[in-house]
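Okay, here's what each chain looks like letter by letter:
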Amino acid sequence: MSDKTFPLGRLVILDYNDTLVNTPFIDHKPLHILPGVQKVLNMVKQQDPTTTLAVAMNAGGVARGYSTEVATRREVENILTPLHIDIIEISYGYPWPKAGNERYNTPEMLEDRKPNTGMIKRLMEACDATPRNTILVGDSEEEDRQTALKAGIPFVYASRFFSSLHMHFFDTELPKE
């Protein structure tokens, strides 16, 4: 095995919107798991049962007053139940909160919000993971890919991850410094 390949006991960190589920306020459809997601995540677990599946998501709608932390977490946990996600991290930080929700615009809250790396570092620490056995899967250049680069972990676009039948993304090289 090359020193740049993905070892066993890996941590797969997944974005939420447009990676695992649709975005209802954009596509105007009820919230649902995207096609192919469950099949590929089952394949990942079958290939290596020690893989930890985690979600790292921004939830700025809470700071904007569209939902509450409790309602958001409940919705996320309910929709993701069939995917057997091991850990869910949600950042409620948002740089432009609704009046009265300024607590979501603190440096600590914003450090968790992608493209910052607070959630990623916490997930890696909780799973005793290193950059060599962690990968971030997402749909966004601005948030997800930039987060992976800052954290020093490989990144794979969700479209590639969920369409790959041979799981070659686990041979993704670590980001160049």
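Here we summarise the structure given alongside this text. (Residues numbered from 1 in each chain as written. Predicted model: local features only at pLDDT ≥ 70, side-chain atom pairs only at ≥ 80, totals over all residues. Heavy atoms only, no water.)

Describing the overall build of the chain
And then number 1: When you go through the chain residue by residue, the secondary structure sums to eight helices and five strands.
And then number 2: Here the chain holds 177 residues, and 46% of them are scored as buried.
And then number 3: For the chain, long-range pairs separated by at least 24 residues make up 63% of all intrachain contacts whose partners lie at least 6 apart in sequence.
And then number 4: Taken as a whole, the chain presents about 9300 Å² of accessible surface, with 54% of it coming from carbon and sulfur. (Helix = DSSP H or I, 4+ residues; strand = E, 2+ residues; numbered from the N terminus. Buried < 20%, exposed > 50% of the residue type's maximum accessible area, 1.4 Å probe, protein only. Contact = heavy atoms within 4.5 Å. Areas by Shrake-Rupley, 256 points an atom, 1.4 Å probe, with all protein chains shown as cover.)

Examining unusual backbone geometry
And then number 1: With an omega dihedral of 20 degrees, the bond running from Lys-114 to Pro-115 counts as a cis peptide bond.
And then number 2: For Pro-115, the position within the fold is in the loop between helix 5 (107-112) and helix 6 (118-126).
And then number 3: Even without being a glycine, His-28 presents a positive backbone phi close to 55 degrees.
And then number 4: Here His-28 lies in the loop between helix 1 (24-27) and helix 2 (37-47).
And then number 5: Of the residues examined, His-28 reaches a relative accessible area of 68% and is grouped as exposed.
And then number 6: Residues other than glycine seldom take positive phi values, yet Asp-128 does so here, at roughly 55 degrees.

Examining the pairing of strand 1 (residues 11-14)
And then number 1: Alternating positions in strand 1 separate into two faces, Leu-11 and Ile-13 on one and Val-12 and Leu-14 on the other, with burial throughout.
And then number 2: By the bridge criterion, four bridges tie strand 1 to strand 2 (residues 52-58) in an arrangement that is parallel. By the bridge assignment, Val-12 is partnered in strand 2 with Leu-53.
And then number 3: Bridge count between strand 1 and strand 4 (residues 134-138): four bridges; the pairing is parallel. (Pairing = 2+ DSSP bridges.)

Comments concerning the nonpolar core
And then number 1: Counting residues in hydrophobic clusters, the biggest one holds 31 residues, and the most contacted among them are Leu-14, Leu-20, Leu-41, Leu-80, Ile-85, Phe-161 and Phe-162.
And then number 2: The leading source of residues in this core is helix 2, at four residues.
And then number 3: Counting residues in hydrophobic clusters, the runner-up holds 14 residues, among them Ile-13, Ala-54, Ala-148 and Phe-155. (Core = buried A, V, L, I, M, F, W, Y, C linked by side-chain atoms within 4.5 Å.)

Focus: the side chain of Thr-51
And then number 1: Counting through the fold element by element, Thr-51 comes out in the loop between helix 2 and strand 2.
And then number 2: Within the structure, Thr-51 has its side chain in polar contact with the side chain of Arg-10 (distance 3.3 Å).
And then number 3: Residues in contact with Thr-51, not counting those within four places in the same chain, are Arg-10, Val-12, Val-44, Lys-45 and Asp-86. (Polar contact = N/O pair within 3.5 Å; in protein donor to acceptor, adjacent residues only side chain to side chain.)

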